[in-house]
Every structure is written in structure tokens, then in C-alpha cells.
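Residues per chain, in single letters:
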Amino acid sequence: MNIFDVYPLFNITPVRALGSRVWDEKGQEYLDLYGGHAVISIGHSHPHYVQVISEQLSRMGFYSNSVQIPQQQVLANLLGKLSGYDDFSLFLCNSGAEANENAFKLASFHTGRTQIISFKKSFHGRTSLAVAATDDPKIIAPVNENPNITFLPLNDIDALVNAMNDNTSAVICEGIQGVGGINVPTPEFLQAVRQECDKHGAILILDEVQSGYGRSGKFFAHQHSGITPDIITIAKGMGNGFPVAGVMIHPKFTAKHGMLGTTFGGNYLACAASIAVLEVLESEHLILNAATVGNYLMSELQTVPGVRQVRGQGLMIGIELTIPCAPIRSKLLYEYHIFTGSSSEAHTIRLLPSLALSKEDADEFLAAFRDVMGAV
Ligand code: PLP
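Reference entry: report on the structure contained in this document. (Residues numbered from 1 in each chain as written. Predicted model: local features only at pLDDT ≥ 70, side-chain atom pairs only at ≥ 80, totals over all residues. Heavy atoms only, no water.)

1. Description of the site of the ligand
- Surrounding the ligand, one finds Ser95, Gly96, Ala97, Asn100, Phe123, His124, Gly125, Glu174, Asp207, Val209, Gln210 and Lys236.
- The contact in question runs from an oxygen atom of the ligand to an N or O atom on the backbone of Gly96, over 2.8 Å.
- Between a nitrogen atom of the ligand and a side-chain N or O atom of Asp207, the distance comes to 2.7 Å.
- For the ligand, whose unbound accessible area comes to 390 Å², protein coverage reaches 81%.
- The element contributing the most residues to the shell around the ligand is helix 4 (residues 96–111), with three residues.
- Looking at the shell around the ligand residue by residue, the classes come out as three nonpolar, six polar and three charged. (Near = heavy atom within 4 Å. Polar contact = N/O pair within 3.5 Å; in protein donor to acceptor, adjacent residues only side chain to side chain. Areas by Shrake-Rupley, 256 points an atom, 1.4 Å probe, with all protein chains shown as cover. Helix = DSSP H or I, 4+ residues; strand = E, 2+ residues; numbered from the N terminus. Nonpolar A, V, L, I, M, F, W, Y, C, P; charged D, E, K, R; others polar.)

This is how it looks when you write it as C-alpha cells:
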């Protein structure tokens, strides 16, 4: 049987990884500034993480009776403490798309409505929201086939005010748009979204699947804007590679038995991985590191010739070039052994390294990037 061929691949197979480094089968070392689409939050194979997962595995195997697991409460307590949302509730599931589907369901249960507002260039996973309005030709989807969804330009308060009405069930917005090329919602915009949701009784969903878990230099990217969403969706960096996701739910929602559910969500290993991630984020001050190293990288990148704009917050960085980024990324990978990411914008490189990225690692990348950009 073949693998269904939906992913474009580089001809490199990583076989080992530690911190911000990965090695291929020939022993070649790479600096990883992409972390498997923002998944690697505390660094590859972090010793505390490996130990906690291994101990859990040796006790319970892959047993997954998620509803009976006391570690879910331990995880919820720690997540509440670190994120500042200790009055919210947590529903655990397996992927970002599933978290968003559950968020839409919750919004619809609560409002009795079906209309959803999303933003152009957003990406919320392979959900009923289709693929949102990405221009990426690689992501072919029935955009706007769903009549319940309206896509508005990001940061356009007038368009938002005009589009919202008392049929709006939810507005969903990424903390920072990732796949769409690293676009940051302004604080004024997010505050206006909050205000309009309150005015019309709609639910504000913040998709922090990519931008959350400290990546922006705060636990959640929307916390730079001082707003409180009704629902926050999380995944990716939550498990540092272990598939786990969650829906954080405002106390105004009342849970009912059978309302949401999933077979594997919040299983023993997922909880062990997620708890270990939060412990390391806290003990190694990685959110502060993301802010410090991220600010440094962003200010240095702005000085490189051929860079049109640097966008982002913390260690979620988009480098828009004056030229297409594919050949630059290839040179960085094959000549300098540095992994970077792309986006749906052909000119924009996406950096999503481990939050433990050191200044020395950042300098290694900057030197290589200057070289490559100087040679074009
Ligand atoms: N939401 C955002 C903002 C994402 O970036 C992604 C994945 O890239 C998803 C949702 C979907 O997550 P998953 O691939 O785990 O379903």
C-alpha cells in the first residue's frame, strides 16, 4: 500500500533530535527553526519530557480510557495557573482541527445560531470551516462552499461591524495568523471583535493552536491585546510532539453529559506529555526566552537587504522578502543545514523554532541568512 501523497517532502529524513538540533540518517546536523509546524515548544527530546513519558508508558502502556484519568485535573490546574485562565474549564481532544470543531459546536449550542465569521488568510485546520480563505494553491478546498461562513479582511473594523448581526454564532480568529504568512491582529481590532461579540451575543473563539503556549512571548498571543475570549483552542506546542489538543471554555458555558466527547482525548500519555511541557516552560522561563530571543531576531532581520517586512511576536516570525522565498529556503537547508518554514505567501519565510532557542542559535541563522541574501 502506498502513502496517500499529499505532502511535498524534502529528501532529508531526520532520525534523531535534541534541543534545537536534528540529525539525518547520514549523521548530518541541522538547526531546526521550524519545529514541525510550531510543535516543538520546549525543544526536541527534552530529558524531563522523555523521562515523564517513558515512566507513564511503562506503567500504563497506551491505555486510553481518557474519562477516568486524574492527571487531566493536574494538567488543567497547571494550564490554568500558567495561562492565567484558572476559572476556565478544559476539554481535551487530539488535534487542532478537532479542537476548533468542538469550539464551533459549543458556540452553536450556546447561541442556537450557525453563522461563523472568520478572516482572510486564516487557517483553522481541515474543519467544516473548510480551509478558510488561504490563497495557498497547495491547499485546495471548497472555500466558501459553506454558506454559514463569512471571510473578512483581518484588522478591518468597519468590515467587521458591518458583517456582524444577531445571527452570528461565533467569530474565530488566530492569535497570530500562521499558515497565512504571520499576520498579527492589532490590539484595537481584537478589542473591537470582543466588543461586537458582546453586542450581538456571539462567541469569540481564539485559535491559539499555533500562536499559543508561550510562542508569542506571552502564554497566548491575544494576551498582548488585553482581551478575554469565550473559547480558546490549543494543540501543537501543547504536547511538544505528542498529539494532544484542548478547548479552554469560559465559565459562562454549562457542561452537560454527552455534549462533547472523544475516544483518545486526554489519555494517560497525552496528559503526561502536556504536564511535562508546562513544567519545563515554567522552570526554564521559556516564555521570557521566546520574547527576548524573538525580539532580537526580529530587530536584526529588519536590517538584512532584501527583507521587505518582518512580522510576528516572540518566536513566531514571518520574514517577507522582495523575492520568492523557496530558493532561499533551499540554500539555507542544503548549504547551511538550517530548517525554516514556508507559508501560503510565496515571499514569506516562517520561523517557528523551539522556545528554548538560544541567542547563539539565532546568530548562526542570522549569519547564514545574511550570506544567502547577499548572494542573490
Ligand atoms: N489552527 C491553526 C491556527 C493551525 O495552524 C492549525 C495547523 O496548522 C490547525 C488549527 C489545525 O491543527 P491540526 O493540524 O492539529 O488539526
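2. A word on the pairing of strand 7 (residues 168–174)
- Of all seven residues making up strand 7, seven are buried, and the element is well covered by its neighbours.
- Here strand 5 (residues 115–119) pairs with strand 7 via three bridges, running parallel. Counterpart to Ile117 in the pairing with strand 7 is Val171.
- Strand direction decides the pairing type here: strand 7 and strand 8 (residues 203–207), joined by five bridges, are parallel. Looking across to strand 8, one finds that Cys173 is bridged to Leu206.
- Running through helix 6 (residues 187–200), the crossover from strand 7 to the neighbouring parallel element strand 8 is right-handed. (Buried < 20%, exposed > 50% of the residue type's maximum accessible area, 1.4 Å probe, protein only. Pairing = 2+ DSSP bridges. Right-handed = clockwise from strand over helix to strand, strands pointing away.)

3. Remarks on the sheet that holds strand 4 (residues 89–93)
- Spatially, the seven strands line up as an open sheet ordered 4-10-9-8-7-5-6, and their pairing is mixed. At either end of the open sheet lies a strand with only one pairing partner, and these are strand 4 and strand 6 (149–152). Going from strand to strand, the sheet's axes swing by 20° on average, the running direction of each strand aside. (Axes fitted to C-alpha atoms, helices over the stretch in contact; angles between N-to-C directions.)

4. Some thoughts on the packing of aromatic side chains
- Enumeration according to the criterion identifies eight aromatic pairs in this entry.
- Here the aromatic rings of Phe10 and Tyr334 are separated by 6.2 Å at their centres, their planes lie at 80°, and the arrangement is edge-to-face. Linking Phe10 in the segment before strand 1 (14–18) with Tyr334 in helix 9 (residues 326–334), this pair joins segments that are 324 residues apart in sequence.
- For Phe10, a relative accessible area of 35% gives the class partly exposed.
- Arg16 extends its terminal NZ or CZ atom over the ring of Trp23, reaching a point 4.1 Å from the ring centre. (Phe/Tyr/Trp six-rings, centres within 6.5 Å; stacked < 30°, edge-to-face > 60°. Lys NZ or Arg CZ within 6 Å of the ring centre and 35° of its normal.)

5. Some details on the side chain of Asp361
- Structurally, Asp361 can be placed in helix 10 (residues 359–374).
- Taking relative accessible area as the criterion, Asp361 reaches 11% and is therefore assigned buried.

6. A closer look at the environment of Arg308
- Checked against the element boundaries, Arg308 lands in strand 11 (residues 307–313).
- Distance from Arg308 to Ile319, taken between C-alpha atoms, is 7.7 Å for residues 11 residues apart in sequence.

7. Description of the pattern of salt bridges
- Under the defined criterion, the tally for this structure stands at 13 salt bridges.
- A salt bridge links Glu345 to Lys121, with the shortest nitrogen-to-oxygen separation between them at 3.4 Å. One end of the pair, Glu345, is in the loop between strand 13 (338–339) and strand 14 (348–351); the other, Lys121, is in the loop between strand 5 and strand 6, with 224 residues separating them in the sequence.
- Under the relative-accessibility criterion, Lys121 is labelled partly exposed at 27%.
- Put simply, Arg21, Glu29, Asp361 and Glu364 are held in one network by salt bridges that share partners. (Salt bridge = Lys/Arg side-chain N within 4 Å of Asp/Glu carboxyl O.)

8. Observations concerning helix 3 (residues 71–83)
- An ideal rise of 1.5 Å per residue puts 18 Å on 13 residues; helix 3 measures up with 18 Å between its terminal C-alpha atoms.
- Looking only at helix 3, the buried set comprises Gln71, Leu75, Leu78, Leu79, Gly80, Leu82 and Ser83.
- Lining the buried residues of helix 3 we find helix 2 (47–60), strand 4, strand 9 (231–234), strand 10 (245–249) and helix 7 (268–283).
- The first or second residue beyond helix 3 is Gly84, which carries a positive phi of 85°. (Expected span 1.5 Å × (residues − 1). Contact = heavy atoms within 4.5 Å.)

9. Considering the nonpolar core
- Ranked by size, the top nonpolar core spans 64 residues in total, and within it Leu281, Leu301, Ile319, Phe365 and Phe369 carry the most contacts.
- Both of domain 1 (14–46 + 285–374) and domain 2 (47–283) provide at least three residues apiece to this core.
- Phe369 has contacts with Leu301, Val304, Val307, Ile319, Leu321, Ile328, Leu332 and Ile349, leaving out every residue within four places of it along the chain.
- Core analysis: the next-biggest nonpolar cluster, separate from the first, contains 20 residues, Ala103, Ile116, Val209 and Met259 among them. (Core = buried A, V, L, I, M, F, W, Y, C linked by side-chain atoms within 4.5 Å. Domains from an automatic or database assignment.)

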